[in-house]
Amino acid sequence: MPYYRPLKNIKEKEEQLRTIDKLLLLRKQLDHEIPAKTASETLLLATWNIREFGDNRRLESFFYIAEILSRFDLIAIQEVSSNLKGLEKVMSLMGHNWDYIVTDSTDGTAGGGERTAFLYDKNKIFFRKLAGEIVLPKTKLIQGEEQFARTPFCVAFQAGWFKFHLVTVHIYYGKSSGVDPRRVAEIASIAEYLTKRSQKEDTSYILLGDFNIPHCKDATMEALEKGGFKVPECIKEHPSDLGGTKHYDQIAFNLKLDKTMTVFSEKEQKAGAFNFTKSVYTPQDLATYRPYFDKKNTEGKSEKQIESYYLSKWRTFQISDHLPLWVELKVDFSNQYLERMKKDIQA
């Protein structure tokens, strides 16, 4: 990652040294937990809700976000601000081989003015010139009368032999983490809609993003799977919130491939949720960042309240309250193709 020049823009020597030390720790953790990129054999796909992702963070935070994103080949991002300065700052840190596609901002209180985006490494990913937001026909509206609170975004990509349509969502949350009827209806609608399109077009779909699914065995996950999408068990094993209890983010598959082509194998491929707080903005870093807190959040507050503010609020607006969820996919089917061709010739 070509961050050597921007690092010099951090004016305080103490902050500059801290950022370097933290980047070294983060890189070590990433090396240990995320599979290495390959030239053509695999695709590292991720989804990450980056909390209110605009130009509203300390400069060091952008370095950490960019370092994490650069370890994958293709990433769906939710909660991108209507102000694209934050996204553009991260892209400037990631290098010229990276590009992005972003939606228009969503109007209305439910949408919160958010955008969604796909970031992709052009050395691995080919954009197949198709992109669009999904708008339901009148006969398929949510609960009979609504479009999605935040419009799903569909883009056609190719990695190696694997051609697919990637759809990212940020599903309606509601008033609590319980089962909200509209949330269930949105998940069911997008899953069923894409399944019908997949059958009609004979196209592989990957549906990912923030589904606001609290648990893997409630009505929200049931709606996703009944709608025709499969979530591998090794993805379900990983909560994606900082507390490690919620399965808000998911990666689901509805694939149309030759029988000899296996994109994901539970035995061979890996998946996970990357907990960046092991390296950056750790619980032990409270004293380091406390001088940067707004006084209204510290004056008259107990030490326990200040600690809670740091852990659940301040640091989540520096990075996020969600963890990036990722999966490793196989995209090189050269051997399978050659073996099938040999059988056809010998037949």
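Analysis parameters
- Residues numbered from 1 in each chain as written.
- Predicted model: local features only at pLDDT ≥ 70, side-chain atom pairs only at ≥ 80, totals over all residues.
- Heavy atoms only, no water.
- Buried < 20%, exposed > 50% of the residue type's maximum accessible area, 1.4 Å probe, protein only.
- Helix = DSSP H or I, 4+ residues; strand = E, 2+ residues; numbered from the N terminus.
- Arc of directions from axis to C-beta.
- Contact = heavy atoms within 4.5 Å.
- Axes fitted to C-alpha atoms, helices over the stretch in contact; angles between N-to-C directions.
- Parallel < 35°, antiparallel > 145°, perpendicular 65-115°, else oblique.
- Left-handed = near helix turned anticlockwise from the far one by under 90°.
- Nonpolar A, V, L, I, M, F, W, Y, C, P; charged D, E, K, R; others polar.
- Pairing = 2+ DSSP bridges.
- Core = buried A, V, L, I, M, F, W, Y, C linked by side-chain atoms within 4.5 Å.
- Salt bridge = Lys/Arg side-chain N within 4 Å of Asp/Glu carboxyl O.
- Right-handed = clockwise from strand over helix to strand, strands pointing away.
- Disulfide = S-S within 2.5 Å.
- Patch = residues over 30% accessible without salt bridge, like charges linked within 9 Å, V, L, I, M, F, W, Y side chains within 5 Å.
- Areas by Shrake-Rupley, 256 points an atom, 1.4 Å probe, with all protein chains shown as cover.

Caption draft 1: Molecular detail of helix 6 (residues 219–226). All of the buried residues in helix 6 are Thr220, Met221, Ala223 and Leu224. With its buried residues spanning 155° around the axis, helix 6 presents them on a single face. Packed against the buried residues of helix 6 are helix 5 (181–201), strand 8 (205–210), helix 7 (233–236) and strand 9 (249–254).

Caption draft 2: Just the packing of helix 5 against helix 6, in detail. Between helix 5 and helix 6, the least distance of the axes is 8 Å, while the angle of their chain directions is 15°. Between helix 5 and helix 6, the angle is such that the two are roughly parallel. Like other packed secondary-structure pairs, helix 5 and helix 6 cross with a definite hand, here right-handed. The residues of helix 6 that touch helix 5, namely those facing Arg183, Val184, Ile187, Ala188 and Ala191, are Ala219, Thr220, Ala223 and Leu224. Partitioning the contact of helix 5 with helix 6 into residue classes produces seven nonpolar, one polar and one charged.

Caption draft 3: Structural detail: the pairing of strand 8. With six of six residues buried, strand 8 is to be regarded as a mostly interior element. Summarising the sheet, strand 7 (residues 162–170) and strand 8 pair through six bridges and their orientation is parallel. Within strand 8, the position partnered with His165 by the bridge is Tyr205.

Caption draft 4: Representation of the sheet that holds strand 3 (residues 98–102) in the model. Spatial strand order, 3-4-2-1-11-10: six strands in an open sheet with mixed pairing. For this open sheet the edge positions go to strand 3 and strand 10 (271–273), each flanked by a neighbour on one side alone. Between one strand and the next, the sheet's axes are offset by a mean angle of 20°, whatever the strand orientation. Bridge analysis of strand 2 (residues 74–80) against strand 4 (residues 115–121) gives five bridges, and the strand direction is antiparallel.

Caption draft 5: Representation of the nonpolar core. Of all hydrophobic cores here, the largest spans 103 residues; its most connected members are Leu45, Leu74, Leu119, Phe157, Leu224 and Leu329. Residue contacts for Leu329: discarding those within four places in its chain leaves Glu41, Thr42, Leu43, Leu45, Phe162, Ile206, Phe253, Val263, Phe264 and Gln269.

Caption draft 6: Here's a closer look at the pattern of salt bridges. If you walk through the whole model with that rule in mind, you get 20 salt bridges. A salt bridge links Glu60 to Arg18; the nearest nitrogen and oxygen atoms lie 2.5 Å apart. A residue pair is termed long-range when its members are at least 10 positions apart, and Glu60 in helix 3 (residues 59–69) and Arg18 in helix 2 (residues 13–33) qualify at 42 residues. Taking the relative accessible area as the measure of exposure, Arg18 reaches 10% and is therefore buried. With its nearest N and O atoms 2.8 Å apart, the salt bridge here joins Lys22 to Asp285. Of this pair, Lys22 sits in helix 2 while Asp285 sits in the loop between strand 10 and helix 8 (286–289), and the two are 263 residues apart along the sequence. For the pair Lys22 and Asp285, a shared accessibility class is recorded, and that class is buried.

Caption draft 7: Structural context of the side chain of Thr203. Looking at where Thr203 falls in the secondary structure, it is placed in the loop between helix 5 and strand 8. Those residues within four positions of Thr203 in sequence are excluded, and the remaining contacts are His165, Ser198, Asn254 and Lys256.

Caption draft 8: Highlighting the pairing of strand 2. Burial runs high along strand 2: seven of the seven residues are buried. Examined bridge by bridge, strand 1 (residues 42–53) and strand 2 share six bridges and lie parallel to one another. Within strand 2, the residue paired with Trp48 across the bridge is Ile77. Read as a crossover between parallel neighbours, the route from strand 1 over helix 3 to strand 2 is right-handed.

Caption draft 9: Region of interest: the state of the cysteines. Applying the stated criterion to the full structure yields zero disulfides. With no disulfide of its own, Cys216 lies 12 Å from the sulfur of Cys234, the closest cysteine sulfur. Judged by its relative accessible area of 10%, Cys234 is buried.

Caption draft 10: Representation of the sheet that holds strand 6 (residues 153–159). If you walk across this open sheet you meet the five strands as 5-6-7-8-9, and the pairing is mixed. Each edge of the sheet is formed by a strand with only one pairing partner; in this case those strands are strand 5 (125–133) and strand 9. Averaged over all neighbouring strand pairs, the angle between strand axes comes to 20°, with direction disregarded. Both strand 5 and strand 6 contribute to a ladder of six bridges, which runs antiparallel. From the neighbouring strand, Phe126 faces strand 6, where its bridge partner is Gln158.

Caption draft 11: Broad picture of a nonpolar patch on the surface. Together, Trp161, Tyr337, Leu338, Met341 and Ile345 line one region of the surface with nonpolar side chains, adding up to about 510 Å² of accessible area. Tracing the sequence through the fold places Ile345 in helix 10 (residues 334–346).

Caption draft 12: Structural view of the environment of Gln318. Counting through the fold element by element, Gln318 comes out in helix 9 (residues 303–318). Along the primary structure Gln318 and Ile65 are separated by 253 residues, whereas in three dimensions their C-alpha atoms are 9.2 Å apart. Excluding residues that lie within four positions of it along the chain, Gln318 makes contacts with Arg57, Arg58, Ser61, Ile65 and Tyr281.

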